[in-house]
Amino acid sequence: MLAAELALVADRPHALAILEESRRAGVALSTLRHFERTGQISLERLVMIASSLSALDAFEGLLQPPRAGSLEEIEARQAKRHRGRRADA
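The residue numbering used here restarts from 1 in each chain and proceeds along that chain's sequence as written. Only residues with pLDDT of at least 70 get local features here, since the model is predicted, and only at 80 or more are side-chain atom pairs given and counted; chain-wide, interface and lining totals rely on the full set of residues. Side-chain metrics rest on all non-hydrogen atoms present in the structure, leaving aside hydrogens and water.

*Asks:* Give me the lowdown on the overall build of the protein chain, citing residues and values where you can.
*Replies:* To qualify as a helix, a DSSP run of H or I must reach at least 4 residues; to qualify as a strand, a run of E must reach at least 2; elements of each kind are numbered from the N terminus. Within the protein chain one finds five helices and zero strands. Taken from the N to the C terminus, the helices and strands of the protein chain come in the order α-α-α-α-α. A simple rule labels every residue: compare its accessible area, found with a 1.4 Å probe on the protein chains alone, to the largest value its type can have, and call it buried under 20%, exposed over 50%, or partly exposed in between. For the protein chain, the proportion of its 89 residues judged to be buried stands at 17%. Of the contacts formed within the protein chain by residues at least 6 apart in sequence, a portion of 22% connects residues at least 24 apart. Two residues form a contact once any of their heavy atoms are found within 4.5 Å.

*Asks:* Run through the pattern of salt bridges, naming residues and quoting values.
*Replies:* Here a salt bridge means any side-chain nitrogen of Lys or Arg lying within 4 Å of a carboxyl oxygen belonging to Asp or Glu. A full pass over the atoms with the stated rule returns two salt bridges. A salt bridge links Arg 45 to Glu 44, with the shortest nitrogen-to-oxygen separation between them at 3.7 Å.

*Asks:* Quick rundown of the side chain of Glu 21? Include the residues and the values.
*Replies:* Relative to the helices and strands, Glu 21 resides in helix α2 (residues 15-25). Between N or O atoms, a polar contact is any pair within 3.5 Å; within protein, one atom must be a potential hydrogen donor and the other a potential acceptor, and residues adjacent in sequence are included only when both atoms are from side chains. A distance of 2.3 Å separates polar atoms of two side chains, one belonging to Glu 21 and the other to Ser 52. Contact partners of Glu 21, with chain neighbours within four places excluded, come to Leu 32, Ile 49, Ser 52 and Leu 53.

*Asks:* For the environment of Ser 42, give the residues involved together with the corresponding values.
*Replies:* Here Ser 42 shows up in the loop between α3 (29-38) and α4 (43-52). Judged by relative accessible area, Ser 42 falls into the partly exposed class, the value being 36%. Considered as a pair, Ser 42 and Thr 31 are eleven residues apart in the sequence and their alpha carbons are 9.5 Å apart.

Below, the structure is given as structure tokens:
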């Protein structure tokens, strides 16, 4: 199996690094190659890769709600996000 994987990426200068990262992250080599080529990857796989690189902190700011300057801003956001059945329906 290792020989076949190495043959797939032997022409790339960073082949061994990619192969090692694939194993460390628990992500298929083909997934990493596709990600490199297209920039497309599932969130689950992206988090697995980031975790293996000790880079999960980079996601922290992405998942935080924006800070509100006042109570009115918070209430306005909540009013916009309210979904479901209307009380008068």
